[in-house]
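Inside the fold
Here is how the chains run, residue by residue.
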Amino acid sequence: MVVYCLDRLSRDPTHGVILTQELEHHHVTLEAVTEDVDSSELGKLISYIRGFASKLEAEKIKERTMRGKRTRAMRGELPQGTGVGMYGYEWNKESKKRDIIESEANIVREIFTKVATGESLISIARYLNDRRIPTKSTAIDGKRKFWHSLTIRRMIRNSGYIGNTIFNNMTLTNVTPAIVSEDIFNAANAQIDKPKVRTGRPKNEYLLRNHAFCAICGKPLVGHCLNKKYRYYQCSNARPYENHGKKCAALYIRANELEELVWEKTREVLSNPDVILKELAETSDTASLDSLDKDIRELQKNLNNYAQRKVNLLEAMELGEFEKDEILDRLNNIKRLCSEDEARLSDLINTRDHLTSLANAKVKLNELYGRVLDNLENATLEIKALALNALDIKVYAKGNDDVEIKGVIPLELALPTTARTWA
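Since the structure is predicted, the reported quantities are computational estimates derived from the model, not experimental observations.

The next point concerns the side chain of R98. As for its position among the elements, R98 is in strand β4 (residues 97-100). Despite its burial, R98 pairs with no opposite charge, the nearest such side chain being D99 at 9.6 Å. Within the structure, the side chain of R98 is placed 2.7 Å from the side chain of T176, a separation counted as a polar contact.

As structure tokens, then:
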């Protein structure tokens, strides 16, 4: 490991000692560009003392910096003028205050007015992006940045726009000229403070919420109602947001037809309880899980040992105990064994997770069958949702005529396996 100087390793001497010990433990040599590194006990003590002195110096620099900022604030100057700065202003190096940029100030007034009249932050951000109004960052580096609702919220909360700049619990009233009036500022903040009205239940129920996904991009399908009457599922990536347009070309999918198809296939599976529960009992026993856990622990132990074996071989090469070619052969063999064990470990973890999901499905299905086996034809929305969860149904759709349905059962007899697919 190479550092410019030991002071750059850490400003805290205690942290420096810990880092040095960790480097030694992992057989990593520490080198500095501007000085020699003494690894003797005396050298370590000197390094610790230097680190402590460096920490004291850093504290002094921090204290002097803060004292200078407080002095400038008391003189009626802005303590610092670095960074992007507030939208609507520019930093005046001579007066140490902000000056208004009128073109940006007009945008600020428009934003505050829109918020004060109840317009949503997302719609305002989309409006600014559609008009290609440059953000503060865009004006500085020339690369287009997008407006976000969070950016607008921060602007509304910033009392600097009415002439009050807060620094270190001090209110500076003469370093930032006001752009908006206090009435507009208070009205805009009152709109943000309004609690959102929530009815507690969605206006429309969507059976496949958290079960349906876009077959094009893999994003979840979300419920959408057109004209307050027609229910559809739509890819969440196909909706425009304040900072970007549609990212997926997926079309609307009629909710009624998709839900009927999924429930029909689910009902067919549930109509064979004896076969399903018997197969679950055969494939989700505790002994199989215990055996998998034991194999997984053994492989994880092996993988941890490979790293130490590599270190031992490198040390043996430095001591001249083996020829270089022999060391390389052994390292390649370790690399091959490590790769094979990693693949096996991944397979075993997937199989264990699969068996665990089967065990959970068995519990859920036993409960479900006790309630609805005789009434699958007239199942309520609540019962249907329980069935989809028990079967771990996943629906991948491009349209109403292109649907793939997967569930945790019925299963192929070979493990590990993927769920049977209906299309």
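With that settled, the discussion passes to helix α6 (residues 149-157). Of the positions making up α6, those classed as buried are S149, I152, M155 and I156. For α6, the angular spread of buried residues about the axis comes to 120°, placing them on one side. For α6, the secondary structure elements touched by its buried residues are α3 (102-116), α4 (121-130) and α7 (182-193).

With that settled, consider the pattern of salt bridges. In the structure shown here, the tally under the stated rule is 9 salt bridges. A salt bridge links K136 to E104; the shortest N-O distance between them is 3.1 Å. Here K136 is found in helix α5 (residues 136-141), whereas its partner E104 is found in helix α3, with 32 residues between them in sequence. For K136, a relative accessible area of 13% corresponds to the buried category.

Quick look at the packing of α3 against α4 now. Where α3 contacts α4, the axes come no closer than 10 Å and their chain directions differ by 150°. Considering their axes alone, α3 and α4 lie roughly antiparallel with respect to each other. Of the two elements, α3 crosses α4, and the hand of that crossing is right-handed. Contact residues: I107, E110, I111, K114 and V115 in α3; L121, I124, Y127 and L128 in α4.

What counts and how
- Residues numbered from 1 in each chain as written.
- Predicted model: local features only at pLDDT ≥ 70, side-chain atom pairs only at ≥ 80, totals over all residues.
- Heavy atoms only, no water.
- Helix = DSSP H or I, 4+ residues; strand = E, 2+ residues; numbered from the N terminus.
- Buried < 20%, exposed > 50% of the residue type's maximum accessible area, 1.4 Å probe, protein only.
- Lys, Arg positive; Asp, Glu negative; His and termini not counted.
- Salt bridge = Lys/Arg side-chain N within 4 Å of Asp/Glu carboxyl O.
- Polar contact = N/O pair within 3.5 Å; in protein donor to acceptor, adjacent residues only side chain to side chain.
- Arc of directions from axis to C-beta.
- Contact = heavy atoms within 4.5 Å.
- Axes fitted to C-alpha atoms, helices over the stretch in contact; angles between N-to-C directions.
- Parallel < 35°, antiparallel > 145°, perpendicular 65-115°, else oblique.
- Left-handed = near helix turned anticlockwise from the far one by under 90°.

Any link to function would need more than the numbers given here.
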